[in-house]
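Listed below are the residues making up each chain.
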Amino acid sequence: MLVETIEKPTSPWRDFVVPQDWHRFTDEDHAVWDLLFERQCELLGTRIVSPFLDGIDLLRLSHPGIPDVAGLNDILMPRTGWRVVAVPGLVPDAIFFAMLSQRVFPVGNFIRKREQLDYLEAPDCFHDMFGHIPMLAHHDFAEMVEHVGRLGLAAIAADQGDRAARLYWHSVEFGLVRENGELKILGAGLASSFGEAHFSLESGTVERLPFSTARAVHTPYKHDAFQPRYLVSASLDQTIAEIVELTPEKLLSI
Ligand SMILES: [Fe+2]
């Protein structure tokens, strides 16, 4: 497997990486991916930022079946230097941010069952690969996520990890942005959710507040329910520019 030949022995996250074992996935696993993929693409339509749709095409994610990590990396690494590694479940925040800081994105080595299409205790490979990987093919977003990783490590070192977690949450996972005047989904948590994608854009019962890094850092979030509020950027470029300009010192003081 590619990752085993190039990872640095000193990387703190290497013990969390497992082989994806793509051949272990059953026909039913692949069928669940296909069902989720088709359903979500139809649901999203153009309600998502256009670079996400470009990434889906570029990475050939519409190819039937669960993507294999090596195949994704063959396309992603030459483009933006990001690579995907398989993990057995959620990794600790310090490990996650260390991975991001080295342009490594962890994806679950499992997929949900057909009877739990809309419920997940832990992010599976559909959330991780469909939700996150397309945007990592976008050069400026790719740089931003690496920067979030560095900010996360600095925040954890200062015992302020929550600041980085909230910044990440309100941009990479649940951010909304305007594109050509229309409200669109940016975050992977929304992109991969059947229930929350439309809810985030259309519900009249949630708050939608202008995105700023200061607001993101101080806005709590929910792990286990739809978000009560979303932060909306004037554009994808605004989200990227504000986050890339954020220094660790500023993150800890805003
Ligand atoms: Fe995620």
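We now turn to the structure provided with this report. (Residues numbered from 1 in each chain as written. Predicted model: local features only at pLDDT ≥ 70, side-chain atom pairs only at ≥ 80, totals over all residues. Heavy atoms only, no water.)

### Topic: the layout of surface pockets
Keep this limit in mind: A cavity here means a set of points on a 1 Å grid, drawn over the protein atoms and nothing else, where a 1.4 Å probe fits but cannot get out; a pocket is an open set with protein on both sides within 12 Å along at least five of seven lines, and a residue lines either one if it has an atom within 4 Å of a point. Grid points are joined across faces, edges and corners, and a volume is the space filled by probe spheres set on the points. Going along the chain from the N terminus, every DSSP run of H or I of four or more residues is numbered as a helix, and every run of E of two or more is numbered as a strand. Residue polarity follows a fixed list, in which Ala, Val, Leu, Ile, Met, Phe, Trp, Tyr, Cys and Pro are nonpolar, Asp, Glu, Lys and Arg are charged, and the others, Gly among them, are polar.
Size it by volume and the largest pocket reaches roughly 1200 Å³. Sorting the residues of the lining of the largest pocket by element identifies α2 (27–44), α5 (93–101), β2 (104–108), α6 (125–132) and α8 (161–173) as the ones contributing at least two each. Put simply, the second largest pocket is a space of about 240 Å³. As for the second largest pocket, its lining consists of 13 residues, of which Leu-59, Arg-60, His-63, Pro-67 and Asp-68 are closest to the centre. Of the residues in the lining of the second largest pocket, the class split is eight nonpolar, three polar and two charged.

### A short note on the environment of Glu-179
Note the following rule: When accessible area is computed with a 1.4 Å probe and restricted to protein chains, residues below 20% of their type maximum are described as buried, those above 50% as exposed, and intermediate ones as partly exposed. Note on contacts: a residue pair is in contact if any heavy atoms of the two residues lie within 4.5 Å.
Note on placement: Glu-179 falls in strand β3 (residues 176–179). Since its relative accessible area comes to 17%, Glu-179 is described here as buried. Distance in space between the C-alpha atoms of Glu-179 and Ala-234 is 7.7 Å, their sequence separation being 55 residues. Apart from residues no more than four positions distant in its own chain, Glu-179 is found in contact with Ile-48, Val-49, Ser-50, Pro-51 and Lys-184.

### What about the sheet that holds strand β6 (residues 229–233)?
Condition: Note: two strands are recorded as paired if DSSP finds a minimum of 2 bridges between them. Fitted lines through C-alpha atoms give the axes, limited to the stretch in contact for helices. The angle between two N-to-C directions lies from 0 to 180 degrees.
Strand order in the open sheet made by the four strands is β4-β3-β6-β5, with mixed pairing throughout. Pairing within the sheet leaves two strands with one partner each, and these edge strands are β4 (182–185) and β5 (207–210). On average, adjacent strands in this sheet sit at an angle of 35° to one another, irrespective of strand direction. Direction of pairing for β3 relative to β6: parallel, over a ladder of two bridges. Across the sheet, the residue bridging to Val-177 is Ser-233, located in β6.

### Points about the nonpolar core
The nonpolar side chains of a soluble globular protein tend to be buried, and buried together. For clarity, the threshold we go by: What we call a nonpolar core is a set of buried Ala, Val, Leu, Ile, Met, Phe, Trp, Tyr and Cys residues that are connected through their side-chain atoms within 4.5 Å.
Of all hydrophobic cores here, the largest spans 78 residues; its most connected members are Trp-33, Phe-52, Phe-105, Ile-133, Phe-141 and Ile-185. The greatest single-element share of this core, amounting to seven residues, is contributed by helix α7 (residues 139–157).

### Considerations on the packing of aromatic side chains
Selection rule: The pairing test for Phe, Tyr and Trp rings, Trp by its six-membered ring, is centres within 6.5 Å, and the orientation test on the planes gives stacked under 30 degrees, edge-to-face over 60, and tilted for anything in between. Think of it as a cone above the ring: NZ of Lys or CZ of Arg counts as a charge over the ring if it is within 6 Å of the ring centre and within 35 degrees of the ring normal.
Under the defined criterion, the tally for this structure stands at 13 aromatic pairs. Taking the centre distance of 4.8 Å and the plane angle of 25° together, the rings of Trp-169 and Phe-174 count as stacked. Relative accessible area serves as the criterion here: at 11%, Trp-169 is assigned to the buried category. Grouping aromatic residues by their ring pairs yields a cluster made of Trp-33, Phe-37, Phe-52, Phe-126 and Phe-130. Note that Arg-24 overlies the ring of Phe-25, its terminal NZ or CZ placed 5.3 Å from the centroid. In this structure, Arg-39 packs its charged tip against the face of Phe-194, placed 3.8 Å from the ring centre.

### Things to note about the pattern of salt bridges
Stated precisely, the cut-off is as follows: We define a salt bridge as a contact between a side-chain nitrogen of Lys or Arg and a carboxyl oxygen of Asp or Glu at a distance within 4 Å.
Within this structure, the stated rule accounts for eight salt bridges. The salt bridge involving Arg-39 is made with Asp-118; its shortest N-O contact spans 2.6 Å. You can see Arg-39 sitting in helix α2 and its partner Asp-118 sitting in the loop between β2 and α6, a full 79 residues away along the chain. Between Arg-150 and Glu-146 there is a salt bridge whose closest N-O contact spans 2.3 Å. One end of the pair, Arg-150, and the other, Glu-146, are both in helix α7, four residues apart, so they sit about a helical turn from each other.

### Section: the packing of α2 against α6
Test applied: Roughly parallel means an angle under 35 degrees; roughly antiparallel means over 145; roughly perpendicular covers 65 to 115; every other angle is labelled oblique. Handedness of a helix crossing follows the sense of rotation of the near helix relative to the far helix, less than a right angle counterclockwise being left-handed and clockwise being right-handed.
Interhelical geometry of α2 versus α6 gives an angle of 40° and a closest axis separation of 11 Å. Viewed along their axes, α2 and α6 adopt a mutual orientation that is oblique. Crossing of α2 over α6 shows right-handed handedness. Of α6, the residues touching α2 (which contributes Trp-33, Leu-36, Phe-37, Gln-40, Cys-41 and Leu-44) are Cys-125, Phe-126, Met-129 and Phe-130.

### So, the packing of α7 against helix α12 (residues 236–245)
At a minimum axis distance of 9 Å, the contact between α7 and α12 shows a crossing angle of 35°. The handedness of the crossing between α7 and α12 comes out as left-handed. For the pair formed by α7 and α12, the contact residues are Asp-140, Phe-141, Glu-143, Met-144, His-147, Val-148 and Leu-151 on the first element and Leu-236, Thr-239, Ile-240, Ile-243 and Val-244 on the second. Within the contact of α7 with α12, the residues separate by chemical class into eight nonpolar, two polar and two charged.

Distances and angles like these do not, on their own, reveal function.
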